[in-house]
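In case you want the letters, here they are:
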Amino acid sequence: MTFNKSGIINIIPNNNFDSIKTCEVLTQKLESKGFTIPKEYDANAELNICIGGDGAFLRAVHNNYFSSIPYVGINTGHLGFFQEILPEKIDSFIDNYINDAYFIEEIFLVEANVCTKTDCINLLGINEIVIKGIESKVVHLEVFIDDNHLEKFSGDGLIVSTPVGSTAYNYSSAGCIVYPTLKTLQLTPLSPISSKAYRSLLNSAIIPGDMTIKIKPEYLYENSILIINDGVQNKYDDIVEVSFNMSKTTIFRLVFDKDMYWNNLKSKFL
Ligand code: NAP
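Since we're looking at a predicted model, the values are computed, not measured.

**Let's talk about the overall build of the protein**
Argument step 1. When you go through the protein residue by residue, the secondary structure sums to five helices and 15 strands.
Argument step 2. For 270 residues, the compact-globule estimate of 2.2 N^0.38 gives 18 Å, and the C-alpha radius of gyration of the protein, at 20 Å, lies within 12% of that figure.
Argument step 3. Looking at the protein as a whole, 51% of its 270 residues are labelled buried.
Argument step 4. A separation threshold of at least 6 residues defines the contact pool for the protein, and within that pool the share at least 24 residues apart is 70%.
Argument step 5. When the 22 basic and 32 acidic side-chain charges of the protein are each reduced to a single mean position, those positions are 4 Å apart.

**Some words on the domain arrangement of the protein**
Argument step 1. As assigned here, the protein comprises domain 1 (9-101) and domain 2 (109-247).
Argument step 2. The interface is formed by seven residues belonging to domain 1 together with eight residues belonging to domain 2.
Argument step 3. Approximately 640 Å² of surface area, both sides summed, lies buried where domain 1 meets domain 2, with 80% of it carried by carbon and sulfur atoms.
Argument step 4. Linking domain 1 with domain 2 are one residue pair in polar contact (both at pLDDT 80 or more), by the criterion used here.
Argument step 5. A breakdown of the residues in the side of domain 1 that touches domain 2 according to their chemical character gives six nonpolar, one polar and no charged.

**So, the site of the ligand**
Argument step 1. Around the ligand sit 18 residues in total, of which H78, G80, E128, T167 and S172 are the nearest.
Argument step 2. In this structure, V164 approaches the ligand through a main-chain N or O atom, which is 3.1 Å from a nitrogen atom.
Argument step 3. Protein coverage of the free-state accessible area of the ligand, which is 830 Å², stands at 68%.
Argument step 4. Looking at the shell around the ligand, the elements with two or more residues in it are α2 (54-63) and α4 (169-172).
Argument step 5. Looking at the shell around the ligand, the element that brings in the most residues is α2, giving three residues.
Argument step 6. Its residues assigned to classes, the shell around the ligand shows seven nonpolar, eight polar and three charged.
Argument step 7. There are two domains that each give the shell around the ligand at least three residues, and those are domain 1 (9-101) and domain 2 (109-247).

**Some remarks on the sheet that holds strand β13 (residues 225-229)**
Argument step 1. In spatial order, the strands read β11-β10-β9-β6-β13-β14; together these six strands make up an open sheet with antiparallel pairing. Taken across any chain shown, the strands that pair with only one partner, and hence form the sheet edges, are β11 (205-208) and β14 (232-235). Strand-to-strand twist in this sheet, taken as the mean axis angle between neighbours without regard to direction, amounts to 20 degrees.

**Focus on unusual backbone geometry**
Argument step 1. Despite not being glycine, F66 shows a phi value in the positive range, around 55 degrees.
Argument step 2. Counting through the fold element by element, F66 comes out in the loop between α2 and β3 (71-75).
Argument step 3. Overall, the relative accessible area of 13% leaves F66 in the buried class.
Argument step 4. Of note, the phi angle at D147 is positive, near 70 degrees, even though the residue is not glycine.
Argument step 5. On the secondary structure map, D147 appears in the loop between β7 (139-145) and β8 (148-155).

**Some points on helix α5 (residues 260-269)**
Argument step 1. Considered for burial, the residues of α5 that qualify are M260, Y261, N264 and L265. Seen along its axis, α5 keeps its buried residues to an arc of 135 degrees; they face one direction. Opposite the packed face of α5, turned more than 90 degrees from it, sit the exposed residues K266 and S267.

**Concerning the pairing of β13**
Argument step 1. Counting buried residues along β13, five of its five residues qualify, which places the element largely inside the surrounding structure.
Argument step 2. Side chains I225, I227 and N229 project from β13 onto one buried face, and the interleaved L226 and I228 project onto a second face that is buried too.
Argument step 3. The pairing of strand β6 (residues 128-133) with β13 spans five bridges and is antiparallel. Bridging across to β13, I129 finds its partner in N229.

**Some thoughts on helix α3 (residues 90-98)**
Argument step 1. By the burial criterion, the buried members of α3 are I90, F93, I94 and Y97. Taken down its axis, α3 places every buried residue within 95 degrees of arc, on the same side.
Argument step 2. For α3, the elements touching its buried residues are β1 (9-13), α1 (17-32), β2 (47-52), β3 and β15 (239-255).
Argument step 3. Phi turns positive one or two residues past the end of α3, at D100, with a value near 55 degrees.

**Considering the packing of α1 against α3**
Argument step 1. It is the contact of α1 with α3, at a shortest axis distance of 11 Å, that shows an interaxial angle of 40 degrees. The angle between α1 and α3 places the two elements in the oblique class. Two packed elements cross with a definite hand, and for α1 against α3 that hand is right-handed. Each of T22, L26, K29 and L30 in α1 lies in contact with α3, whose residues at this interface are I90, D91, F93 and I94.
Argument step 2. Across the contact of α1 with α3, the residue classes tally to five nonpolar, one polar and two charged.

What counts, and where the lines are drawn
- Every chain begins its residue count from 1, and numbering advances along the sequence as written.
- Note on the predicted model: pLDDT of at least 70 is required for a residue's local features to be given, and 80 or more for side-chain atom pairs to be given and counted; whole-chain, interface and lining totals, by contrast, use all residues.
- Side-chain calculation: all heavy atoms of the structure are included, whereas hydrogens and water are not.
- Each helix is a run of DSSP H or I of at least 4 residues and each strand a run of E of at least 2, with the numbering of both proceeding from the N terminus.
- Here the radius of gyration uses the C-alpha set of atoms, whereas the globule reference equals 2.2 Å times the residue count to the power 0.38.
- Think of it in three bands: residues with accessible area under 20% of the maximum for their type are buried, residues over 50% are exposed, and the middle band is partly exposed, with areas taken using a 1.4 Å probe on protein chains only.
- Working rule for contacts: check all heavy atoms of both residues, and any pair within 4.5 Å makes them a contact.
- Asp and Glu count as negative and Lys and Arg as positive, but His and the ends of the chain are not part of the count.
- Taken as the charge centre is NZ of Lys, CZ of Arg, CG of Asp or CD of Glu, depending on the residue.
- The split into domains, and so the bounds of each, comes from an automatic or database assignment of domains.
- Accessible area, probed at 1.4 Å, shrinks when two parts are joined; the buried area is that loss added up over both.
- Pairs of N or O atoms are called polar contacts if they sit within 3.5 Å, as long as, within protein, a hydrogen donor faces a hydrogen acceptor (for residues adjacent in sequence, only side-chain-to-side-chain pairs).
- Each residue gets one of three labels, nonpolar for Ala, Val, Leu, Ile, Met, Phe, Trp, Tyr, Cys and Pro, charged for Asp, Glu, Lys and Arg, and polar for the others, Gly among them.
- Here a residue counts as near a molecule or strand whenever at least one of its heavy atoms sits within 4 Å of it.
- Accessible areas in this description were obtained via Shrake-Rupley with a 1.4 Å probe; residue shielding takes into account the shown protein chains only.
- In this description, strands pair whenever DSSP reports at least two bridges between them.
- Axis definition: a line fitted to C-alpha atoms, limited for helices to the stretch in contact. Angles are taken between N-to-C directions and run from 0 to 180 degrees.
- In this context, the arc is that of the directions from the helix axis out to the C-beta atoms.
- For classification purposes, an angle smaller than 35 degrees is called roughly parallel, one larger than 145 roughly antiparallel, one from 65 to 115 roughly perpendicular, and anything else oblique.
- Rotating anticlockwise by less than a right angle from the far helix to the near helix defines a left-handed crossing, while the corresponding clockwise rotation defines a right-handed one.

Listed below in structure tokens is the structure:
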């Protein structure tokens, strides 16, 4: 994969004070090295730099329609699992960027095709897409993998997580951590009920990226389902089925330290 070197860099900060300050410093330093920093998002840029935490990264990608321009993050946020660069390391980041001392990682996305009685809507998720009930109701969902019936799930809901999303909601819900380059989806139950009345898998399942997870709400529940896409809630009426696939669309991020993933896991989760 080759990327353009237009000399234009988009900087996308969130609204917090530290991010705006970091944006000013970064703009000045990049301009002094000959880069152009546009006032508005420029689709011809060679790099997108997000400033904030993971939430800022997720919003930047969604707001810019899953652009194929590579992303890198400067962490001024809480956790910043996606955000490799620290504000005090901006100088070495710029030097390494100019010297091409990085590799490009492809980020696999989850796609949901939500079909109602009248329409189908496509959603993309970086971390995950979740099916839950409205008003904290139990949901009853038929689950199929590549058209094979797996279970009738009853509980709070199901998460379909990407590898990069495996450390997010999935991890808090006892899902396992999946290295970002593995092409898989993870189906993780939220408070599954396993009793004489209902029987649901209690643990997550890792599904190959070329298989389809199909979920059909029980007839009575087709108007009581929420679809939550990277933390953004959507409500559709008359849902008949939702199919999940690993999307053909991917995004890219620059990684400067090849050991970052494992160091991040230790420093941010233990
Ligand atoms: P949010 O406040 O933006 O994020 C919740 C926490 O998840 C923040 O600490 C965030 O890091 C962290 N996070 C996001 N993506 C991550 C990743 N890939 N790996 C590790 N940590 C990650 O919450 P939101 O706006 O409702 O939703 C955004 C994301 O939060 C969702 O995609 C979902 O994965 C996650 N979430 C988690 C739970 C849970 O753990 N119980 C519940 C709902 C949503 P920063 O502090 O750096 O932003």
